[in-house]
Amino acid sequence: MNHINKIEHLGIAVKDINKANSIYEKLLGVPPYKQEEVESEAVITSFFQVGPNKIELLASTKDDGTIAKFIEKRGEGIHHIAFDVENIEKELDRLKKEGFTILNEKPKLGADNKRVAFIHPKGTNGVLIELCEEIK
Ligand code: ZN
C-alpha cells in the first residue's frame, strides 16, 4: 500500500512574488498557471507546471509571517517538499506513531485545492515536509 504517492511540488520562499514570477517564467518558459493568496498562512503563492512537476513560489503578505521569518533566518530558497498522499488523516496518524512532529493536528485548507499539514524539519534532517491531499 502506498502511503505517499509522489512529490506534489517544491516550495520556494521568495521576497517578492512578482519579481520571482518573472524569473521563474524566464527559467521555465511558462507563466504561472495560478496565483493564490492563503490568508490563514499570510502568504501569496504562485504555481508553475513543468512537465509532471510543480513548483510553488511563496511570499509573505505580512512582515511577521512564517515565510518572512524563514527568509530572515535562512534567506530565500527551498522552503519545503510537498508529498501527495491518498488519505492525509491516515498518514498523519502513521507519521505521528513513527515519532515525527506534526505541526498541524488537523489538516487545513492550503493553496491549489489541497488539504495540507506540515511536519517539523527537526525530525526530517532540516527539511520542512508538507503532506497534501487533493480535494476531490
Ligand atoms: Zn506547498
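Here the structure is a predicted model, which is why all the values come from computation and not from measurement.

**Description of the coordination of the zinc ion**
Item 1. Around the zinc ion, the protein contributes the donor atoms His 9 (NE2), Glu 56 (OE), His 80 (NE2) and Glu 130 (OE), at 2.1 Å from the metal centre.
Item 2. In this structure, the zinc ion is surrounded by four donor atoms whose angles at the metal cover 82 to 171 degrees, and the resulting shape is irregular.
Item 3. Positions of the donor residues of the zinc ion, expressed as sequence spacing, correspond to H-x46-E-x23-H-x49-E. One end of the pair, His 80, is in strand β5 (residues 77-85); the other, Glu 130, is in strand β8 (residues 128-134), with 50 residues separating them in the sequence.

**Remarks on the pairing of β8**
Item 1. Here β8 lies mainly inside the structure; six of its seven residues are buried.
Item 2. Sheet analysis places β5 next to β8, joined by five bridges and oriented parallel. What sits directly across from Ile 81, in β8, is Ile 129.
Item 3. Pairing geometry for strand β7 (residues 114-119) and β8, over six bridges, is antiparallel. Of the residues in β8, the one forming a bridge with Ile 119 is Ile 129.

**With respect to the confidence of the model for the protein**
Item 1. Averaged over all residues, the pLDDT of the protein is 95; the fraction at 70 or higher stands at 99%.
Item 2. No element of the protein has a lower mean pLDDT than strand β6 (residues 108-110), which averages 89, and none a higher one than helix α1 (residues 17-28), which averages 98.

**Observations regarding the packing of aromatic side chains**
Item 1. Under the defined criterion, the tally for this structure stands at two aromatic pairs.
Item 2. Between Tyr 24 and Phe 48 the ring centres are 6.3 Å apart and the planes differ by 50 degrees, which places this aromatic pair in the tilted class. Of this pair, Tyr 24 sits in helix α1 while Phe 48 sits in strand β3 (residues 43-50), placing them 24 residues apart in sequence.
Item 3. On the basis of an interplanar angle of 40 degrees and a centroid distance of 6.1 Å, the ring pair of Tyr 33 and Phe 47 is categorised as tilted. With Tyr 33 in the loop between α1 and β2 (34-38) and Phe 47 in strand β3, this residue pair connects regions lying 14 residues apart in the sequence.
Item 4. Given a relative accessible area of 1%, Phe 47 falls into the buried group.

**Some points on the pattern of salt bridges**
Item 1. All told, the structure shown has 13 salt bridges when counted by the stated rule.
Item 2. Glu 91 serves as the salt-bridge partner of Arg 94, at 2.9 Å between the closest nitrogen and oxygen. A residue pair is termed a helical-turn pair when its members lie 3 or 4 positions apart in one helix, as Arg 94 and Glu 91 do in helix α3 (residues 88-97) at three residues.
Item 3. The class of Glu 91 is buried, set by a relative accessible area of 3%.
Item 4. A salt bridge links Glu 105 to Lys 96, with the nearest nitrogen and oxygen atoms 2.9 Å apart.
Item 5. Each member of the salt-bridge network shares a partner with another, and the members are Glu 8, Lys 34, Glu 36, Lys 54, Asp 112 and Lys 114.

Rules and cut-offs
Residues numbered from 1 in each chain as written. Predicted model: local features only at pLDDT ≥ 70, side-chain atom pairs only at ≥ 80, totals over all residues. Heavy atoms only, no water. Donors = N, O, S within 2.8 Å, 3.2 Å for Na, K, Ca; no water. Tetrahedral: all angles 85-135°; square planar, octahedral: opposite > 155°, others 65-115°. Helix = DSSP H or I, 4+ residues; strand = E, 2+ residues; numbered from the N terminus. Buried < 20%, exposed > 50% of the residue type's maximum accessible area, 1.4 Å probe, protein only. Pairing = 2+ DSSP bridges. pLDDT = per-residue confidence, 0-100. Phe/Tyr/Trp six-rings, centres within 6.5 Å; stacked < 30°, edge-to-face > 60°. Salt bridge = Lys/Arg side-chain N within 4 Å of Asp/Glu carboxyl O.

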